[in-house]
Amino acid sequence: MTFKEDVLKALNTQKTLKELYSLFPEHSRPSIRGVVYKLANAGKVTRIKKGGEVSYVQSVKDIDEERSQDKTHAKEEEERKKDTRKTPQPLKPKRLKKKSIKKKPVSPFGMDFSYAPEELVPKGVEYFPQSNETKVLTYAVKESKNVLLEGPTGTGKSTLVEFIAQEAGAPLITISCDVELDKIELLGKYELKDNMTKWIDGPILKAMRDGYWVVFDEINMAKPDILSVLHSLLDHRRQIIVKEHKNDVVKAHPNFRVFATMNYNYEGTSELNQAFKDRFGVVLHLSYMPPKQEIKLLIQKTGIDNSKALHMVKVAEDTRDLARKGEIPEAISTRTLVEWASAVVTNFTIHEAAEFTVLDKVSNEPAEREDVYNIIKNYFEIGRAHV
């Protein structure tokens, strides 16, 4: 039965619009009025004005027709029941239950990751886009382009990749390109197992074979021999020849994707040569969110007041200056700001919330933590409750 028919049936007795509103709370008042006016114009409903009150009721002809139809339907139903009692009914065949076939989940990117270990697929990742970077990475994934993300620490390079992997349902691993990373750790090695020597794949070979996504974190810190191993992986060949393992040629799974992040001018980093950089089909530079945009985001996401949001962003900007100078290892990111503000609006003071949302993230060194704490003190009066 349509809404229009419901209203007409309700008007088999005289009712005001106010009474109709209470009968149909799930519908808006304008929609109820509109239906009543249409019924009145069509002659289905009569408008009655008594004193200062207007009410509506079904037209006499429609009421008689409806009652007649109800009687006819009731008589037909009674006859049908009599016939059913007299006539033996055939046995209905048992319906066989269809076996449910479990469909493999397909990601929005058109890639099947049903084989992916659940623990490797990112979850609960929130990313705050500044421009069209999510669109660019989506394009890169669909077109199987290698992606290089540049920018200072805390700008969300790794978080952006995690967010896209979460959207795709893709398994993601991170390989840190620090001074400890060598070819053995990257590619794999022979190990003695059950009195037999067996080759064990390193993280990159396992990712290539199984179709994982890989992030090379701080790739401009990698040793030259590591970068040389990656040359054939990042070009059209999409393979690595493992000389250490009988010249085994490992080709990348169709779902395999490569991302790399890098910071400029950090201790231990070096410039990537152009030949290596050209192997990345997409190069994306990320920077910090503009202060006004960051303040607006904090207020929208957490409900914190404008004054606190303004000073929190100023604290973050000062830590970013320190990180650029190399005086602290990590700056306050937009994500950390949101966590800090969220804690404050749940009744923690500024400095209480900073202890467990900010300070532990920027550094483990007491002196560096003290530097950041002093910045917070410069903008907030520490000690006043709920500042």
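Residues numbered from 1 in each chain as written. Predicted model: local features only at pLDDT ≥ 70, side-chain atom pairs only at ≥ 80, totals over all residues. Heavy atoms only, no water.

> Is there a simple way to think about the overall build of the protein in this case?
Looking only at helices and strands, the protein has 15 helices and 12 strands in total. Taking all 387 residues of the protein together, the buried fraction comes to 41%. Of the contacts formed within the protein by residues at least 6 apart in sequence, a portion of 67% connects residues at least 24 apart. Surface exposure of the protein reaches about 23,300 Å², of which carbon and sulfur atoms provide 51%. (Helix = DSSP H or I, 4+ residues; strand = E, 2+ residues; numbered from the N terminus. Buried < 20%, exposed > 50% of the residue type's maximum accessible area, 1.4 Å probe, protein only. Contact = heavy atoms within 4.5 Å. Areas by Shrake-Rupley, 256 points an atom, 1.4 Å probe, with all protein chains shown as cover.)

> What should I look at first to understand helix α15 (residues 366–379) in this one?
One turn of an α-helix holds 3.6 residues; hence residues three or four places apart share an orientation. For α15, with 14 residues, the first-to-last C-alpha span of 20 Å sits near the 20 Å given by 1.5 Å per residue. Listed in full, the buried residues belonging to α15 are E368, V372, Y373, I375 and I376. Buried residues along α15 cover an arc of 150 degrees about the axis, so they all sit on one side. Residues of α15 that are exposed and angled more than 90 degrees away from the buried face: P366, A367 and N378. Buried-residue contacts for α15 involve α12 (306–324), α13 (334–345) and α14 (350–362). (Expected span 1.5 Å × (residues − 1). Arc of directions from axis to C-beta.)

> What's the story with the confidence of the model for the protein in this structure? I'm lost.
Do not read the fine detail of predicted coordinates wherever pLDDT is low. Taken residue by residue, the protein gives an average pLDDT of 85. The fraction at 70 or more is 85%. A low-confidence stretch, residues 383–387 stays under pLDDT 50, and its non-local contacts, those more than four residues away or across chains, total 11 contacts. (pLDDT = per-residue confidence, 0-100.)

> When you look at the sheet that holds strand β5 (residues 172–176) in this model, what are you seeing that I'm missing?
The strands making up a sheet associate through backbone hydrogen bonding, with each pair oriented either parallel or antiparallel. As summarised here, the arrangement of the five strands in space is β5-β8-β11-β4-β12, forming an open sheet in which the pairing is parallel. For this open sheet the edge positions go to β5 and β12 (282–285), each flanked by a neighbour on one side alone. Neighbour-to-neighbour, the strand axes of this sheet turn through a mean angle of 20 degrees, independent of strand direction. The pairing of strand β4 (residues 147–150) with β12 spans four bridges and is classified as parallel. Counted as the bridge partner of E150 is H285 from β12. (Pairing = 2+ DSSP bridges. Axes fitted to C-alpha atoms, helices over the stretch in contact; angles between N-to-C directions.)

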